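# Residue-level structure breakdown
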Amino acid sequence: MFAAPGGPVKPGGAFGPALATGGVETGAGAGGIRHEAFLYLGDVGFLGATKDFVLAGLAADEDVLVILGEPRLTLLRDALGRAGKRVEFVDLADLGRNPARLIPTWQEHLEQGAERGRTVRGIGEPVQPGCSGPELAECMLHEALINEAYPGPASWRLRCLYEAVALEPATTDLVWQTHPLVVKGGLTRPSTRFGPGADLFAERLPDLGPPWSELSFGPADLGLVRAASAAAARAVRLGSDRVDDLELAVHEVATNSVRHGGGRGTVRFWPGQGGLICEVSDAGQVADRLVGRRRPALDLGSGRGLWLVNQLCDLVQLRSGASGTTVRMHLH
């Protein structure tokens, strides 16, 4: 690994080994992806984007996974009728509002299909009504990173749905930037704006203003970091289970800062969204943009840190570049 300006590159450590290829570190079913966005209008447009796509997959004896929120999930299930019994449906609410959990869900489906010798197609709609600014940012980062997770010739197909009238112009532009193919007005066209997701990963997170509390830490201060996390969580009246979740999540991130981020870091807290926002920053640089988005192997002694953080927190925002790394954790 090379040393980045301002601190060493994080080779993984508690966050897991970096991948030389950038692809998902797994065996079966990890071929390339045909990744397309479908811009639709209303319920009729939604069904036009989904029903025939699913039926075509079933006719080709493919495994089909649909990840949608309500009421769209029920709308499609009802439209498919008996054919819907051959489709795996996942309610997006069951995954929570953290898009970092999506790639592991797709990967599990791919591996199951590979075990049966079947090709796979899927439908998803990551941007939901009422999506907050941070949630929207993570949805678009996910759309960029899934291209890196599955490089090479396409072996499976994912159609991502976007209700056109609900999109701000800046979000529409990101849709074109993060999908190699876009379906609009019934026509599929290559996106001339498609590009790698490195810029989104390296962007600074929005400034939240002066923190509620702040603590600089080193190797001897991890106990203080845990205590500060628990105190901040109790101050916003999070339940005891959520206090424990935050304490463990912040400990995992802070430990990684000590081991791989130059030996020191800073933790900050803000109240927000009926809960708490906690941020850990350090001088290191993450080499693997897919860190925390792969299910760790059972026999892997390390690599579980950020995976665990993504399961404990309602939303996790990771950004890393030459100026350092920031992990922002949201608990509602």
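Data block above holds the structure.
Bear in mind that the values here come from a model prediction, so they are computed numbers and not experimental data.

## Describing the overall build of the protein chain
From N to C terminus, the protein chain includes 10 helices and 15 strands. Split into buried and exposed, the 332 residues of the protein chain put 52% on the buried side. Here the contacts in the protein chain between residues at least 6 apart in sequence split such that 73% fall between residues at least 24 apart. Taken as a whole, the protein chain presents about 14,500 Å² of accessible surface, with 54% of it coming from carbon and sulfur.

## Brief notes about the pairing of strand 12 (residues 275–282)
Taken across its eight residues, strand 12 has eight buried, putting it largely inside the fold. In terms of strand pairing, strand 11 (residues 265–272) meets strand 12 through seven bridges, oriented antiparallel. Opposite Arg 268, over in strand 12, you have Glu 279 as the bridge partner. The hairpin formed by strand 11 and strand 12 contains two residues between the paired strands, and Gln 273 there has a positive phi angle of roughly 55°. Direction of pairing for strand 12 relative to strand 15 (residues 324–331): antiparallel, over a ladder of seven bridges. Considered in strand 15, the bridge of Ile 277 is made with His 330.

## Details of the pairing of strand 11
Most of strand 11 is tucked away: six of the eight residues are buried. Pairing analysis gives five bridges linking strand 10 (residues 213–217) to strand 11, with the strands arranged antiparallel. Within strand 11, the position partnered with Ser 213 by the bridge is Phe 269.

## So, the sheet that holds strand 15
Pairing is antiparallel across the open sheet formed by five strands, whose spatial order is 10-11-12-15-14. Edge strands, defined here as strands with exactly one partner in the open sheet, are strand 10 and strand 14 (315–321). Here the average twist between neighbouring strands, direction ignored, is 15°. Bridging between strand 14 and strand 15 involves seven bridges; their strand directions are antiparallel. Residue pairing for strand 15: Leu 318 is matched across the bridge by Val 327.

## Topic: the environment of Gly 117
The topology assignment puts Gly 117 in the loop between helix 4 (102–115) and strand 6 (120–124). Spatially, the C-alpha atom of Gly 117 lies 9.5 Å from that of Glu 62, the residues being 55 residues apart in sequence.

## Section: the packing of helix 8 (residues 222–235) against helix 9 (residues 240–260)
Viewed as axis vectors pointing N to C, helix 8 and helix 9 meet at an angle of 145°, and their least axial separation amounts to 9 Å. In this structure, helix 8 meets helix 9 at a crossing whose hand is right-handed. Of the residues in helix 9, those touching helix 8 at Leu 222, Val 225, Arg 226, Ser 229, Ala 230, Ala 233 and Arg 234 are Val 243, Leu 246, Glu 247, Val 250, His 251, Ala 254, Thr 255 and Val 258. Residue composition of the contact of helix 8 with helix 9, grouped by class: nine nonpolar, three polar and three charged.

## Some points on the sheet that holds strand 7 (residues 154–163)
The strand order across the open sheet built from seven strands is 5-4-6-7-3-8-9, with neighbouring strands paired in mixed fashion. Each having just a single partner strand, strand 5 (88–91) and strand 9 (187–190) make up the two edges of the open sheet. Each neighbouring strand pair of the sheet contributes to a mean axis angle of 20°, computed without reference to strand direction. Strand direction decides the pairing type here: strand 3 (residues 32–40) and strand 7, joined by nine bridges, are parallel. Residue pairing for strand 7: Tyr 40 is matched across the bridge by Glu 163. Running over the sheet, helix 4 touches strand 4 (63–68), strand 5, strand 6 and strand 7 and is turned about 165° from strand 4. Against the sheet, helix 6 (residues 169–178) touches strand 3, strand 7, strand 8 (181–184) and strand 9, its axis set at about 155° to strand 3.

## Remarks on the packing of helix 9 against helix 10 (residues 305–312)
Packed helix pairs are characterised by how far apart their axes lie and by the angle those axes make with each other. Running from N to C, helix 9 and helix 10 cross one another at 155°; their axes reach a closest spacing of 9 Å. By the angle between their directions, the pair helix 9 and helix 10 is classed as roughly antiparallel. The element helix 9 and its partner helix 10 pack so that their crossing is left-handed. Contacts between helix 9 and helix 10 involve Arg 242, Asp 245, Leu 248, Ala 249, Glu 252 and Val 253 from the former and Gly 305, Leu 308, Val 309 and Leu 312 from the latter. Here the contact of helix 9 with helix 10 is composed, by residue class, of six nonpolar, one polar and three charged.

## Section: the environment of Asp 245
Checked against the element boundaries, Asp 245 lands in helix 9. Separated by 12 residues in sequence, Asp 245 and Ala 233 place their C-alpha atoms 9.7 Å apart. The contact partners of Asp 245, leaving out residues within four places of it in the chain, are Leu 312 and Leu 331.

## Description of the nonpolar core
Counting 63 residues, the largest nonpolar core has Trp 156, Tyr 162 and Met 329 as the members making the most contacts within it. With residues up to four places along the chain from it excluded, the contact list for Trp 156 reads Gly 31, Gly 32, Ile 33, Arg 34, Trp 106, Leu 110, Val 120, Ile 146 and Tyr 150. Counting 18 residues, the second largest nonpolar core, distinct from the first, contains Phe 53, Val 64, Val 87 and Val 183.

Rules used throughout
Residues numbered from 1 in each chain as written. Predicted model: local features only at pLDDT ≥ 70, side-chain atom pairs only at ≥ 80, totals over all residues. Heavy atoms only, no water. Helix = DSSP H or I, 4+ residues; strand = E, 2+ residues; numbered from the N terminus. Buried < 20%, exposed > 50% of the residue type's maximum accessible area, 1.4 Å probe, protein only. Contact = heavy atoms within 4.5 Å. Areas by Shrake-Rupley, 256 points an atom, 1.4 Å probe, with all protein chains shown as cover. Pairing = 2+ DSSP bridges. Axes fitted to C-alpha atoms, helices over the stretch in contact; angles between N-to-C directions. Left-handed = near helix turned anticlockwise from the far one by under 90°. Nonpolar A, V, L, I, M, F, W, Y, C, P; charged D, E, K, R; others polar. Parallel < 35°, antiparallel > 145°, perpendicular 65-115°, else oblique. Core = buried A, V, L, I, M, F, W, Y, C linked by side-chain atoms within 4.5 Å.

The analysis is restricted to geometry; functional conclusions fall outside its scope.
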